[in-house]
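A closer look at the structure
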Amino acid sequence: MSTSIDQGAGAKNTQLSRSTEFGLAVRQLRREFRLPEYLVLIFALVLSVAAVTSVGFFANRVERAMAAQAATLLAADATVASPQTIGDVVRKQADEAGLTVTDVIEFPSVILNADGDTALVSVKAVGSGYPLRGQVLLHDKLYGEESAATGVPSAGEVWLDPRLAGSLSSEVGDKISLGELEFLVAAFISFEPDRAGDVFQMAPRLIMSADDLAASGLLGEGSRARYKLLVAGSEAGVDGFGEWINDGDDASLRFETVEQSRPAVQSALVNVRRFLGLAAAVAVLLSGAAVALSARQIAERDMDTSALLRAFGAKSSSVVRIVLMRLALIAAMAALLGSLLGYLAQFVLSSLLAQWFATALPAPSLLPLVGGVSCAVLALAGFCLPAVSKAVSAPVVGVLRRDLPKARPSSWVVVGAGVAAMLILLSWLTRDAALGSLLVAGLLVVLGLLWLISRALISTAGRVKSPFWRRALEGLRRRPNSVSLQISAFSVGLLALLLLAIIRTDVLNAWQKQIPDDAPNFFMVNIQPQEVDAVESFLQSRNITGQQLYPMIRGRLEAINDRRIGEGGFKDERARRMSERDFNLSYQGKPRETNTVIAGDWWAADTDQFSFSVEEEFAEETGIALGDTLHFKIVDKKVSGVVSNLREVEWESFAVNFFVVGTPALLKDKPASFVTSVYVEDGQAEFVRDVVRKFPSVTVLEVGTMIERVTGILDRAALAVQYVFLFTLAAGVLVLVAAVLASRRERFHEAAILRTLGASRKYLAASMSREFVFIGLLAGLMASTIAAVLAWAIVELVMNLEYHFNWVLWVIGVVVGVVAIWIAGSVASRPVLRQSPLAVIRSQV
Amino acid sequence: MTIIQAINLSKQVVTAEGTLKILQEVSLSLDSGEVIAVVGPSGSGKSTLLALLAGLDSASSGEINLLGQPMHQLDEDGRAAVRAGQVGFVFQSFQLLPGLTALENVMLPLELASVGDARALAESQLQLVGLASRQQHLPSQLSGGEQQRVALARAFVIAPKVLFADEPTGNLDRATGDSIVDLMFTMRAEQNSALVLVTHDQRLASRCDRVLTVTEGRLQ
Ligand SMILES: Nc1ncnc2c1ncn2[C@@H]1O[C@H](COP(=O)(O)OP(=O)(O)O)[C@@H](O)[C@H]1O
Ligand SMILES: [Mg+2]
C-alpha cells in the first residue's frame, strides 16, 4: 500500500522531456498538415511571407546597389552645384581648405553621325582629375573588355554610352559631331560612378573633356547646363568648406555630401517601396483572416487533444509547449517555402522595374529572410494564437463530455491581436510607424466598408424570389457574416488590381490624350540672339509657321518687397526651392492668347513701366501678391518691378511658358537666349538632323520621348504594384476557401439531411455551385463598380481630365469574380458532396 | 490497499436556470484490484462521478484521495501528475488522437509518464489486443471495435493501478462489445488493476465485484 503512495508522489515530479514533447508535436503535425484547415493555414502563411519577402528582396537589392555606390556616388567627397559657372572665390576657398577640386558640367544636347543620324545625349564635360573618388570603367570596343579609365577624354575625343552604339556609332574610332566640333569616339562607357545617382535614367551619356567646351559653342546663354565643382580631401577640410558655402550669401550654390545626396536619390524609390509594402500588407491582412478562420478549426481539434493528453497525465505547460512547438514548425516551414517563393517572385519585380536603374542590381542579401520569418511568426501570433491558446486550457472533462461547448476566444481578443500584428508588420514594411498606423486604420475602414456593403447586398439578395436561386440564397442568408467576409476579402484584392489596371491604361491614356494632336512635339532651346532670324526663316522654309521665339533670361529672385528669400515666410519647401534656384524669365509686350489674366491688367505693348506678370499657381505657392515688388538679380545687376497682373497658363498645351514675364522695358537689354516649341508633322528625323547641322549650338528636345519616359516610369511602377497585388487576390481566394471549410460541418449536416430526404448529389452540387456563383457575382460587381467609381474620382476630381467608363475592365472584374470564387468554392466543398449520407450522420455522433 | 477514497462528494454547476445539483453527498471507496460497476439512468451523474474520481474535474465539496493523494487539494497539473503512468481510461467514443497511428496512440501514456522503451512496450501491448498488423494505421482506417482495442492497449500499456471506463461498449454492436469487455476483464485480471466501469448494461454490471447505482445524483 505504501509503495503505491510513494509512486504517486514520485509521479508528481514527472516532467516530460523536451524531446518527447517535440516528438509529439512533430508526429501530430506530420499527419495533420494534410488536413484542409492546415493546408489553408500553411498556404496563407506562405503567401504572406512570399508577398513580404518578394518586396523585401527587391528593396534589398536596390539598397545594396545604392550602398555599394554610396562611396563613389558623387565621384567626390562633396560637390558644390550651381546653375552658373562656379566662380574663383569658391575655388580659392577650396584650395585654402586643402581640397582637390575638379569641374563637371552637365547638359542635354544632340549629336550627329556621318550618316546624318541624330540622338539626344546627356553631355558631361569633366575637368582633369575626374573622378575624385571611384573610377570610370570603359570598354575598348562594344561590350569588349572592361578596363579602368586613366584620366579623362583627351581633347577632341568622347566616351559614349553603349546604348548609342546601335543607332549612331558602332565602333571606337567613329566620328560624331557635337555642337560646332567633331569628335572621335574613343571608348564606350561601362560604368560611371556618379551616374548611379540618377535613379531615373535619362538620355544616353556622352563624356567629354571640359577643355573642349568653349570651342563647341554649347554653353551659350540659356543653355540648360548644371555646373558642379567636385571636392575631395580631409573630413575637416570638407566640413569647413561646406560651412563656408552654406553660410555664404550666394544662395545659388548648393553644397552636397554623400549622405545628403542619398535621400534625394532614394525618395522616388522610397515611394514605390511604400506602395509595394502596402500591397504586401494587404495580402498579409487577408492571409491573416484565412489564418484566423482555419485556426478556429485547428483549435477545436486541439481541444480534444489537449484534454486527452492531460487526462493521461500531461501538465498544461507541456501541452502549451507542444502546441507552440507545432506552431513554430509551421512557421518555419511557411517561412522557408514563402521566402523561396518570394525570392523567385522578386526576379519578376526587378525585371519590371529594371529600366529604372542605370546598372544591373546586385544579388540580394539574406536579410529579407528575417522579415519573412518575422512575418510568419507575427501572423501566427496575431491571428492563430488567440484561438489555439484557448484550446490549451480546454477542460479535461471534455474527454467524457463531447457535448461541452467549445470555448472560443472573444472576438475582441482575436481582432486586437490581429490589429497589433498588422501594426508591427506595416510599420516595419513601410519603415514608418505613423504611416503604418494610418495604413492599418485605412485598411480596416476599407474592409469594414466593403463588409457593410456586402451585408447590405446579401440582405437585398435574400428577397429575390426565384426557385432557381432559392437554395443558393438560403446558404447566403444562413451565414451572412461569413459570406460578407468572403466577399469583402476577395473584392479587396480584385478591386486593387482593377484600379491599378484602370490607372495604367485609362488614366495614363487620358493624360496623354488630352494633349492636342497638333501640340508642339519639339522644343528648341539655346537659340542665340544672332541666330533668331536664321532659325525663323529655317522654320518658315519648312512650313512651320506661327511659332514665336521667346526670349529667356536667367535670373534669381532675391527678395519680395522687403522680404529677402531664405529668411522664411515661404509657404512650403517646394516654393522655397523654386525661388531659391535660378529660373527663367521672359519678356513680352502683347499678352498671349493661351494665357488668361485673372487679376490685374496686362500692360500696354510699348509700356516703359517696370512690371511683372506672374503665373497664378506659382504666385500662390511663393506668396506673391498683386502689387508686390519683385527683386531679381540677373548676372550681376539688380532688376526690380511691380507685379501688375497674375495669369493662368495651360501647361498641357506644351507650349513654351514662363512663371514670370517682365515688360520689354525691364528686360530687353539683358543677356538672353531664345526658345520655341514647334509641331513637325512628318520628316521629324530630318528636321532634327538639319537643325543640329545648321545650328550646332541649338538643342532639340522631343516632347514625345519625354512624355513616354514619364508615363513609362508611372506605368512600370503601377505594374509592379499590381503584380504584388496578385498575392492579395490569392489571399482573398484563401479566405474564401477557409470560410467554406469552416462551414463544412454545417454543410455536411445540411447535405446529409437533404440527401436522406432524397436530394440527389447532382442537385446538391448544382445548388452549391449557384451559391458560389452568386457570391462571386456580388464580389465581382462590387470590386468592378467601386474601382470604376474610384477611377472616375481620380480622373475627374483629382486630375481634372475627362473620364471614360471602361466597360471591358468592368466585365473582366465581374467575370473573374464569378469564375474564381466558383472554382475555389467548388474545390473546397467537394468533400461535402462525396460523403455518403450515412457517414455524414455517423460523423455527427 | 485503498485506491480511491471519496467522502461526501458534491458537484453543482450554475446554469442560466439556476444552480444544478449534479452529484450530492457521494461517498465510496475502492480497494486495489477491485472491480465496481456504476449504473443508473442516462443523465443521473455517472460520468460526472467518474470525472471527479479520476480528478478530471474538481468537486464543489467533499474529499477524494486517489492513490494516496488528496485530489481535492491539488490543482489541475497536480492531479494530472497523479494520473501519469498510474491511471488508464477507456471512453465511449474511443478518443484516439486522429493524427497518430495506432502504435503512437498506445505509446502516448508511456511517453507522458517518461517510461523508456515506449515503442517496444506499445508494440507488445498491441499484439496482446490482436492488432499487431495494424500498428501503422490511423484511427480513421480502423473499425469502431478495432479503435476500442487500441484504446484498451493504450489504457493497459502502463499497467495502471486503476482503470476508468465510461460506457466502453456504448458505441459498439453487441458482439464486438462483448469481445471488448472480455478483453478488458482479462487484461485487468492479469495486471490486477482496479476498475471503475460506468455502464447501463445489467449483464456487464453483474460481472463486477460490486454495483453502485446512481439516481438523480445520489448513490443508492
Ligand atoms: N458542466 C455542466 N454544465 C451543465 N450541466 C452539466 C454539466 N455537467 C453535467 N451536467 C448535467 O448533469 C447531468 C449528469 O450528467 P452526466 O454525469 O454526464 O450523466 P450520465 O453520465 O449519467 O449520463 C446531465 O443532465 C448533464 O447535462
Ligand atoms: Mg455519461
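Only a predicted model underlies this, so the values are computations on that prediction, with no experimental measurement involved.

1. Describing the overall build of chain A
- Scanning chain A for helices and strands turns up 23 helices and 22 strands.
- The proportion of buried residues among the 845 residues of chain A is 53%.
- Long-range pairs, those at least 24 residues apart, make up 83% of the contacts in chain A with a sequence separation of at least 6.
- Put simply, chain A shows about 37100 Å² of open surface, and 58% of that area lies on carbon and sulfur atoms.

2. Overview of the site of ligand 1
- Looking at ligand 1, the residues that line it are Arg401 of chain A together with Val13, Leu20, Ile22, Pro41, Ser42, Gly43, Ser44, Gly45, Lys46, Ser47 and Thr48 of chain B.
- At 3.3 Å, a backbone N or O of serine 44 of chain B approaches an oxygen atom of ligand 1.
- Relative to its unbound accessible surface of 570 Å², ligand 1 loses 68% to contact with the protein.
- When residues of the shell around ligand 1 are traced back to their parent elements, those giving at least two are strand 2 (18–31) and helix 1 (46–53) of chain B.
- Per-class residue counts for the shell around ligand 1 are 4 nonpolar, 6 polar and 2 charged.

3. Details of the interface of chain B and chain A
- On the side of chain A, 36 residues touch chain B, which itself brings 41 residues to the contact.
- Both faces considered, chain B and chain A share a buried interface measuring about 3600 Å² in area, 62% of it formed by carbon and sulfur atoms.
- Contact with chain A buries surface across chain B, with Asp77, Gln95 and Leu112 of chain B losing the most and accounting together for 17% of the total.
- The interface formed by chain B and chain A holds 5 salt bridges in total.
- For the salt bridge of arginine 310 of chain A with glutamate 76 of chain B, the shortest nitrogen-to-oxygen distance reads 2.5 Å.
- Elements with a contribution of two residues or more to the side of chain B that touches chain A: helix 1, helix 2 (76–83), strand 6 (87–90) and helix 3 (102–112) of chain B.
- Counted by class, the side of chain B that touches chain A contains 22 nonpolar, 10 polar and 9 charged residues.

4. With respect to the pattern of salt bridges
- Scanning the model with the defined rule gives 27 salt bridges over all chains in all.
- For the salt bridge of arginine 207 of chain B with aspartate 182 of chain B, the shortest nitrogen-to-oxygen distance reads 2.9 Å. Residue arginine 207 of chain B is found in the loop between helix 7 (202–205) and strand 9 (210–215), and its partner aspartate 182 of chain B is found in helix 6 (residues 174–191); the two are separated by 25 residues along the sequence.
- For arginine 207 of chain B, a relative accessible area of 41% puts it in the partly exposed group.
- By relative accessible area, which is 37% here, aspartate 182 of chain B ends up partly exposed.
- Through salt bridges with shared partners, one network takes in Arg27, Arg30 and Arg31 of chain A together with Glu104 and Glu111 of chain B.

5. Description of the pairing of strand 2 of chain B
Residues and elements named next belong to chain B.
- The pairing of strand 1 (residues 2–15) with strand 2 spans 10 bridges and is classified as antiparallel. When the bridges of strand 2 are listed, glutamine 12 appears paired with lysine 21.
- Between the antiparallel neighbours strand 1 and strand 2 lie 2 residues.

6. Regarding the side chain of threonine 728 of chain A
Residue and element names in this part refer to chain A.
- Locating threonine 728 in the fold gives a position in helix 19 (residues 703–742).
- Given a relative accessible area of 0%, threonine 728 falls into the buried group.
- At 3.3 Å, the side chain of threonine 728 forms a polar contact with the backbone oxygen of alanine 279.
- Apart from the residues lying within four places of it in its own chain, the contact partners of threonine 728 are Ala279, Val282, Ala283, Leu286, Val492 and Gly493.

7. Topic: a negative patch on the surface
- A cluster of acidic side chains, namely Glu235, Asp239, Glu243 and Asp247 of chain A, defines a negative patch on the protein surface.
- Residue placement: glutamate 243 of chain A occurs in helix 6 (residues 235–247).

8. What to know about the packing of helix 2 (residues 18–32) of chain A against helix 8 (residues 316–352) of chain A
All names here are of chain A.
- Contact pair helix 2 / helix 8: the axes reach a minimum separation of 9 Å and the direction vectors enclose 50°. The angle between helix 2 and helix 8 places the two elements in the oblique class. As helix 2 runs across helix 8, the sense of the crossing is right-handed. Facing helix 2, whose interface residues are Arg18, Glu21, Phe22, Leu24, Ala25, Val26, Gln28, Leu29 and Glu32, helix 8 presents Ser318, Arg321, Ile322, Met325, Arg326, Leu329 and Ile330.
- For the contact of helix 2 with helix 8, the residue count by class is 9 nonpolar, 2 polar and 5 charged.

9. Notes on the sheet that holds strand 10 (residues 218–219) of chain B
Residue and element names in this part refer to chain B.
- Strand order across the open sheet formed by 6 strands is 6-7-8-3-9-10, with mixed pairing between neighbours. The open sheet has two free edges, formed respectively by strand 6 and strand 10, since each of these has just one partner strand.
- By the bridge criterion, 4 bridges tie strand 3 (residues 35–39) to strand 8 (residues 194–198) in an arrangement that is parallel. Note that in strand 8 the partner of alanine 37 across the bridge is leucine 197.
- Contacts from helix 1 reach strand 3, strand 7 (162–166), strand 8 and strand 9 within the one sheet, and its direction differs from that of strand 7 by about 155°.

10. Considering a nonpolar patch on the surface
Residues and elements named next belong to chain A.
- Judged by side-chain polarity, Phe805, Trp807, Val808, Val811, Ile812, Val815, Val819, Trp822, Ile823 and Val827 come together as a nonpolar surface patch covering roughly 910 Å² of accessible area.
- Of note, isoleucine 823 is situated in helix 22 (residues 807–834).
- The exposure class assigned to isoleucine 823 is partly exposed, which follows from its relative accessible area of 44%.

11. A word on the state of the cysteines
All names here are of chain A.
- In this structure the tally under the stated criterion is 0 disulfides over all chains.
- Considering cysteine sulfurs only, cysteine 384 is the nearest to cysteine 375, which forms no disulfide, with 14 Å between them.
- According to the relative accessible area criterion, cysteine 375 is buried, its value standing at 0%.

12. Some words on the environment of valine 82 of chain B
Residue and element names in this part refer to chain B.
- Along the chain, valine 82 turns up in helix 2.
- For valine 82, a relative accessible area of 0% puts it in the buried group.
- Here the alpha-carbon distance between valine 82 and asparagine 8, two residues 74 residues apart in the chain, equals 21 Å.

13. Brief notes about the packing of aromatic side chains
- Within this structure, the stated rule accounts for 14 aromatic pairs over all chains.
- Each ring, one from phenylalanine 241 of chain A and one from tryptophan 244 of chain A, has its centre 6.4 Å from the other, and the planes form 15°; the classification is stacked. Here tryptophan 244 of chain A and phenylalanine 241 of chain A lie together in helix 6, a separation of 3 residues that amounts to about one turn.
- Exposure remark for phenylalanine 241 of chain A: the relative accessible area of 1% places this residue in the buried category.
- Taking the relative accessible area as the measure of exposure, tryptophan 244 of chain A reaches 32% and is therefore partly exposed.
- Just above the ring of phenylalanine 185 of chain B sits the side chain of arginine 207 of chain B; from NZ or CZ to the centre is 4.7 Å.

14. Considering the environment of serine 193 of chain B
Residue and element names in this part refer to chain B.
- Of note, serine 193 is situated in the loop between helix 6 and strand 8.
- A relative accessible area of 0% means that serine 193 is categorised as buried.
- Along the backbone, serine 193 and phenylalanine 89 are 104 residues apart, and their C-alpha atoms lie at a distance of 12 Å.
- Ignoring sequence-local partners within four residues, the contact set of serine 193 consists of Gly33, Phe156, Pro160, Lys161 and Arg188.
- There is a polar contact of 2.7 Å between the side chain of serine 193 and the backbone oxygen of proline 160.

15. Some points on helix 20 (residues 744–756) of chain A
All names here are of chain A.
- In a regular helix each residue adds 1.5 Å, so 13 residues correspond to 18 Å; helix 20 covers 18 Å between its end C-alpha atoms and thus fits that length.
- Among the residues of helix 20, those classed as buried are Arg744, Arg747, Phe748, Ala751, Ala752, Leu754 and Arg755. End-on view of helix 20: buried residues confined to an arc of 170°, all on one side of the axis.
- Directly beyond the C-terminal end of helix 20, a positive phi value near 105° is found at glycine 758.

16. Considerations on the pairing of strand 11 (residues 254–257) of chain A
All names here are of chain A.
- Residue alternation in strand 11 divides its side chains into a buried set, Phe255 and Thr257, and an unburied set, Arg254 and Glu256.
- The sheet contact formed by strand 1 (residues 78–82) and strand 11 spans 4 bridges and is antiparallel. Note on strand 11: the bridge partner recorded for alanine 78 is threonine 257.

17. Examining the environment of aspartate 715 of chain A
All names here are of chain A.
- Take aspartate 715: it is sitting in helix 19.
- Remark: the alpha-carbon pair of aspartate 715 and valine 415, spanning 300 residues in sequence, is separated by 36 Å.
- Look past the residues within four positions of aspartate 715 in its chain and what remains in contact with it is Arg504 and Leu508.

18. Some thoughts on the side chain of asparagine 806 of chain A
Residue and element names in this part refer to chain A.
- If you trace the backbone, asparagine 806 turns up in the loop between helix 21 (761–798) and helix 22.
- For asparagine 806, a relative accessible area of 18% gives the class buried.
- A polar side-chain atom of asparagine 806 sits 3.1 Å from the main-chain amide nitrogen of leucine 809.
- Not counting residues up to four positions away in its chain, the partners in contact with asparagine 806 are Thr505 and Asp506.

Definitions and cut-offs
- Residues numbered from 1 in each chain as written.
- Chains lettered and ligands numbered in written order.
- Predicted model: local features only at pLDDT ≥ 70, side-chain atom pairs only at ≥ 80, totals over all residues.
- Heavy atoms only, no water.
- Helix = DSSP H or I, 4+ residues; strand = E, 2+ residues; numbered from the N terminus.
- Buried < 20%, exposed > 50% of the residue type's maximum accessible area, 1.4 Å probe, protein only.
- Contact = heavy atoms within 4.5 Å.
- Areas by Shrake-Rupley, 256 points an atom, 1.4 Å probe, with all protein chains shown as cover.
- Near = heavy atom within 4 Å.
- Polar contact = N/O pair within 3.5 Å; in protein donor to acceptor, adjacent residues only side chain to side chain.
- Nonpolar A, V, L, I, M, F, W, Y, C, P; charged D, E, K, R; others polar.
- Buried area = accessible area lost by both parts, 1.4 Å probe.
- Salt bridge = Lys/Arg side-chain N within 4 Å of Asp/Glu carboxyl O.
- Pairing = 2+ DSSP bridges.
- Patch = residues over 30% accessible without salt bridge, like charges linked within 9 Å, V, L, I, M, F, W, Y side chains within 5 Å.
- Lys, Arg positive; Asp, Glu negative; His and termini not counted.
- Charge placed at Lys NZ, Arg CZ, Asp CG, Glu CD.
- Axes fitted to C-alpha atoms, helices over the stretch in contact; angles between N-to-C directions.
- Parallel < 35°, antiparallel > 145°, perpendicular 65-115°, else oblique.
- Left-handed = near helix turned anticlockwise from the far one by under 90°.
- Disulfide = S-S within 2.5 Å.
- Phe/Tyr/Trp six-rings, centres within 6.5 Å; stacked < 30°, edge-to-face > 60°.
- Lys NZ or Arg CZ within 6 Å of the ring centre and 35° of its normal.
- Expected span 1.5 Å × (residues − 1).
- Arc of directions from axis to C-beta.

Structural measurements only, silent on function.
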